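Topology and contacts: notes
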Amino acid sequence: MRTRKQHDPERNAVMFLSGQLRTRVRRRLERHLLDCEDCWEEFLLGRRGKLLAERAREIAPSWLRERVRASVATAEFE
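From a predicted model like this one, the values you see are computed outputs, not experimental measurements. (Residues numbered from 1 in each chain as written. Predicted model: local features only at pLDDT ≥ 70, side-chain atom pairs only at ≥ 80, totals over all residues. Heavy atoms only, no water.)

For the rest of this paragraph, the subject is a nonpolar patch on the surface. A contiguous nonpolar surface patch, about 370 Å² in accessible area, is contributed by Trp63, Leu64, Val68 and Val72. With respect to the helices, strands and loops of the structure, Val72 is situated in helix H4 (residues 62–77). On the basis of relative accessible area, Val72 is assigned to the partly exposed category, the value being 43%. (Patch = residues over 30% accessible without salt bridge, like charges linked within 9 Å, V, L, I, M, F, W, Y side chains within 5 Å. Areas by Shrake-Rupley, 256 points an atom, 1.4 Å probe, with all protein chains shown as cover. Salt bridge = Lys/Arg side-chain N within 4 Å of Asp/Glu carboxyl O. Helix = DSSP H or I, 4+ residues; strand = E, 2+ residues; numbered from the N terminus. Buried < 20%, exposed > 50% of the residue type's maximum accessible area, 1.4 Å probe, protein only.)

The share of residues in the chain with pLDDT of 70 or more is 90%, and the mean pLDDT across the chain is 84. Element-level mean pLDDT values for the chain span from 85 in H4 up to 91 in helix H2 (residues 23–35). (pLDDT = per-residue confidence, 0-100.)

For the rest of this paragraph, the subject is the packing of aromatic side chains. To describe a pair of aromatic rings, you give the distance between the ring centres and the angle between the ring planes. Enumeration according to the criterion identifies two aromatic pairs in this entry. Measuring from ring centre to ring centre gives 5.3 Å for Phe16 and Phe43, while their planes differ by 80 degrees; the resulting arrangement is edge-to-face. Note that Phe16 is positioned in helix H1 (residues 9–18) and Phe43 in helix H3 (residues 37–56), a separation of 27 residues in sequence. Residue class for Phe43 comes out buried when judged on its relative accessible area of 8%. Aromatic side chains Trp40 and Phe43 sit 5.2 Å apart centroid to centroid with 25 degrees between the ring planes, which places their arrangement in the stacked category. Of the two residues, Trp40 and Phe43 both sit in helix H3, three residues apart, roughly one turn of that helix. A network of ring pairs unites the aromatic residues Phe16, Trp40 and Phe43 as a single cluster. (Phe/Tyr/Trp six-rings, centres within 6.5 Å; stacked < 30°, edge-to-face > 60°.)

Set out below in structure tokens:
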């Protein structure tokens, strides 16, 4: 009788979202995500976190950068 391997939903989500999996492994994990609620939940959390991190890296608009620079320059002379 074969026993199922234990798996780590968090690690699976990280590996999938990193985009560093070989095609065959990625496809197998995609099929697994359809059947494993724990891994699917981790995938959704990881994807949400990745989107938040990417949004935080967006460059501020030029008008905002100039206001910050002016505020810093003014604060230096006070």
